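Architecture at a glance
Here is what each chain is made of, one letter per residue.
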Amino acid sequence: MPMRALLIVIVCSVALAAQQTASPQVTSQDLLDGQKDPSRWLTYSGDYSGHRHSPLTQITPENVHQLSAQWTFQTGTLGSFQTTPLVLDGVLYVTGYNNNAWAIDARSGRTIWRYRRQLPEDLRNCCGPVNRGFAMVGDRLFMATIDAHLIALDIKTGGLLWDAELADYKVGYSATVAPLVVKDKVIVGIAGAEFGTRGFIDAYDTQTGKRAWRFYTVAGPDDAGGKTWPTGDSYLRGGGSIWVTGTYDPQQNLIFFGTGNPGPDYYSQAREGDNLYTASLVAIDADTGQRRWHYQFTPHDVHDWDSTQVPVLGDLTINGQPRKVVMFANRNGFFYTIDRVTGKVIVAKPFVETTWAKEIGTDGRPVLLPGNLPDEDGSRTCPDLGGGTNFMSPSYDPTTRLFFVTARETCAVYYSWDQKFKPGEQYESGGTIRPRDQKNFGALRAIDPTTGRLKWEFRYTSVSSSGVLTTASGLVFAGDGDGNIMAFDSRIGKNLWHYQLGFPMRSTAGTTYMLDGRQYLLVPSGSMLTAFALPQRP
Amino acid sequence: MTPTRSMMMVTLGCLVTGGLLLAQEQRSLTLPPGQNPHLGNPESIRSGMALYRFRCADCHGLDASGYRGPDLVAAVAGGATDERLFQTIRKGVPGTEMPPTEAPDNDLLLIIAYLHSVGTVTATERPTGNVENGAKLFSSQCASCHRVAGRGGRIGPDLTRVGIARSRTALVREIRTPSEFVAPNYETVTLVTKDGQRIRGAKKNEDVFSIQVMDTRERIQGFLKSNLQDVVYEKVSLMPEYGPGRLNDNDLNDLVGYLSTLRGADMAVR
């Protein structure tokens, strides 16, 4: 073969091979860049900071009333979404009930592939086989499964690449959290505290699925926090679930996770002490899993107030000083701004009615009010076990420097009693009743994180579990408990648009992305995704 | 006792005990035949309550009136059969948060006995008044708003099964002082339209932007709040108070006696 012809063949072969192996690569740098490319939504909160804030400005306060549904996607299965879809190159990657998952054309809502996990029939979980979403890096997707595994899927086909067991589902472990990819590791937490299990956060190699480290959210006897548990083996049943995705500070190489409540949930005498590191914020080295610092929001919690909310990272000026902070609206009803280098509380203020603590003292501990310990006769406390807020994502707008959260105004009568632990059975030692005269309601609240003061609120007629999304054009998107998705002016809280979805957003929030020159708002609710956009120009 | 007889008795004893244990450990897919031995037994109900608290209360509420899961008091009062309760507990509800269970049949029967004891009235509470007169009073005073077995008004709750759902004390309280607690779906509202028209009725649903009502003429309709001048939420029930001046104690007793007999109706077409 002449030299020139050979060269053409080689060039063509290389080009063909490149075409065959090309994949929608997501690099660690892409994850660090977050919302820099607004056609993408690559991680649970949109970026590592947990802002759930988009730089997109096509949809504005002036034109948002023109938003209309472009397509809907129905899962065709029972059960509701609690997921945040990821967006890459015009394709949505979505997890659903019972660990079903889909790749969906973001232009049309049509399915490209579907993954179904064969789940065991003897599953145990407290709160439904839900899932909060994928993580992605390279050409891989990662999903935590309700039978307590972590799996890697091929982004192009949904085919299984590896399957790592996190813990034994038969004793009550489960996993619902959207994992977090940091560099070459995928970080995931375990749930199942209601069954008397011991929580942890794990990191796995994204390529091999081998475990790199484990951090127990319940301190063992040899740990610095071990003395906050009674002597004996109560720590092995100490709870501390992880079911909401954390955040990552690349400058400090620290990941931040909120941890679940101690177990058993309500019976104080079963676990005297502070019960570290439950109901806490933990700052962990991303490479080693070593704890750098922790802050416990609710020492010795007895009200089922998991601190599994999104820790939101920000840079604020407080009292004239620049501060690197983590903002946290907690299920216990207090909003916190914490120094994310030292773990010290800067601001702590209730954002809903709270009857259990007068305030957070200068030492960072709550100043408890009497009469709030559950017993066999019951004690009335606000908020209820659902909390002042819960798993629904908040949002932080760095332009207005406002923190937005769905607040729940609720109270409950809490009861507790002794209960014998039996592996695989629920171990909560108590329960609650809603007072008959209690009028619960929800609200979208805007909080100034430098003071904890309420800037504005928009009240709903019922309690909502919807997450919040903000955009740089000055919009807040949130849902009420009655099935409406709404848009608000982020500066003043004026309602500008609403659409009845037919089912409330439960733990889901909107995501937004740019595609073919149009900004889409994507909303999961019930078993449906709805994509909204402004009218197309002729 | 001869060795043979004692051996027989021991064998028989083992068989009986073994049989009981077997029954207690059985895991049937459907309700075991025969009467639930725990119904109405206070000790069983206490055991059922303990089981319920551990296994069910987190979702269905400590008082079984629903939290994340459905209201079981309403389900039982609404006529859910023991077979349905047993199968739902045993098999779970696929695709929902309700899991299946491998607990022994006996545990399920204890929980069912407990559920029957919560918020429902057993047939042992006999009516004391003149039921015939009570029925007449109902017809003249109540039937324009309340329905029984498909007949009567619809602005108030359907009372076809009220004898199971309410104790005598509760019935007396709800007749004498109906505003003390107004059930959801029956709260009183008055809507004021932009042209000043006032529409009074029972609120059926509401969100931030709309409200749905049944007005006092039983017309069901939804309104956009942006089209209304005002929505007035009233604390007083649509049902008038039947104090002693309106319904004397004897008539009240007869009416309650009649209501206690209302335990469901067969509506099947044959």
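Refer to the structure printed above.
For the structure given in this document, a descriptive report is provided here.

What counts, and at which threshold
Residues numbered from 1 in each chain as written. Chains lettered and ligands numbered in written order. Predicted model: local features only at pLDDT ≥ 70, side-chain atom pairs only at ≥ 80, totals over all residues. Heavy atoms only, no water. Helix = DSSP H or I, 4+ residues; strand = E, 2+ residues; numbered from the N terminus. Rg over C-alpha atoms; globule rule 2.2 N^0.38 Å. Buried < 20%, exposed > 50% of the residue type's maximum accessible area, 1.4 Å probe, protein only. Lys, Arg positive; Asp, Glu negative; His and termini not counted. Charge placed at Lys NZ, Arg CZ, Asp CG, Glu CD. Contact = heavy atoms within 4.5 Å. Areas by Shrake-Rupley, 256 points an atom, 1.4 Å probe, with all protein chains shown as cover. Disulfide = S-S within 2.5 Å. Pairing = 2+ DSSP bridges.

Here we come to the overall build of chain A. Along the backbone of chain A there are 2 helices and 38 strands. Taken against the 2.2 N^0.38 rule, which gives 24 Å for 538 residues, the C-alpha radius of gyration of chain A at 23 Å falls within 12% of a compact globule. Scored against the burial criterion, the 538 residues of chain A give a buried share of 64%. For chain A, the distance from the average position of its 50 positive side-chain charges to the average position of its 52 negative side-chain charges is 4 Å.

Here we take up the overall build of chain B. Secondary structure assignment for chain B yields 10 helices and 7 strands. Considering chain B as a whole, with its 270 residues, one finds that 38% of them fall into the buried category. Pairs at least 24 residues apart make up 61% of the contacts formed inside chain B by residues separated by at least 6 positions. Within the structure as shown, chain B displays about 15400 Å² of accessible surface, and the carbon and sulfur contribution to it stands at 56%.

A separate point is the state of the cysteines. Residues and elements named next belong to chain A. Taken as a whole, this structure holds 2 disulfides over all chains when the rule is applied. At a sulfur-sulfur separation of 2.0 Å, the disulfide partner of cysteine 126 is cysteine 127. Between cysteine 126 and cysteine 127 the disulfide shows an S-S torsion of about -100°. By sign, it is left-handed. A relative accessible area of 14% means that cysteine 126 is categorised as buried. Listing the disulfide partners of chain A by sequence rank of the bonded cysteines yields 1-2, 3-4.

What follows concerns the pairing of strand 32 (residues 468-471) of chain A. Remember that side chains alternate between the two faces of the sheet whenever the strand is regular. Residues and elements named next belong to chain A. Here strand 32 shows two buried faces, one formed by Val468 and Thr470 and the other by Leu469 and Thr471. Alignment of strand 1 (residues 53-54) against strand 32, held across 2 bridges, turns out to be parallel. Bridging from a neighbouring strand, serine 54 pairs with threonine 471 of strand 32. Where strand 32 meets strand 33 (residues 475-479), 4 bridges bridge the pair, whose relative direction is antiparallel.

Once that is clear, we can look at the pairing of strand 8 (residues 140-144) of chain A. Residue and element names in this part refer to chain A. The buried fraction of strand 8 amounts to 5 of the 5 residues, a majority that puts the element mostly inside the structure. Alternating positions in strand 8 separate into two faces, Arg140, Phe142 and Ala144 on one and Leu141 and Met143 on the other, with burial throughout. Of the pairings in the sheet, the one linking strand 7 (residues 135-137) to strand 8 comprises 3 bridges and is antiparallel in character. Each residue of the ladder has a partner; that of alanine 135, found in strand 8, is phenylalanine 142.

By the secondary structure assignment, histidine 498 of chain A is in strand 35 (residues 495-500). What makes histidine 498 of chain A partly exposed here is its relative accessible area of 35%. When the C-alpha atoms of histidine 498 of chain A and threonine 247 of chain A are compared, they prove to be 30 Å apart, with 251 residues separating the residues in sequence. Contact partners of histidine 498 of chain A, with chain neighbours within four places excluded, come to Asn484, Ile485 and Met486 of chain A together with Phe209 of chain B.

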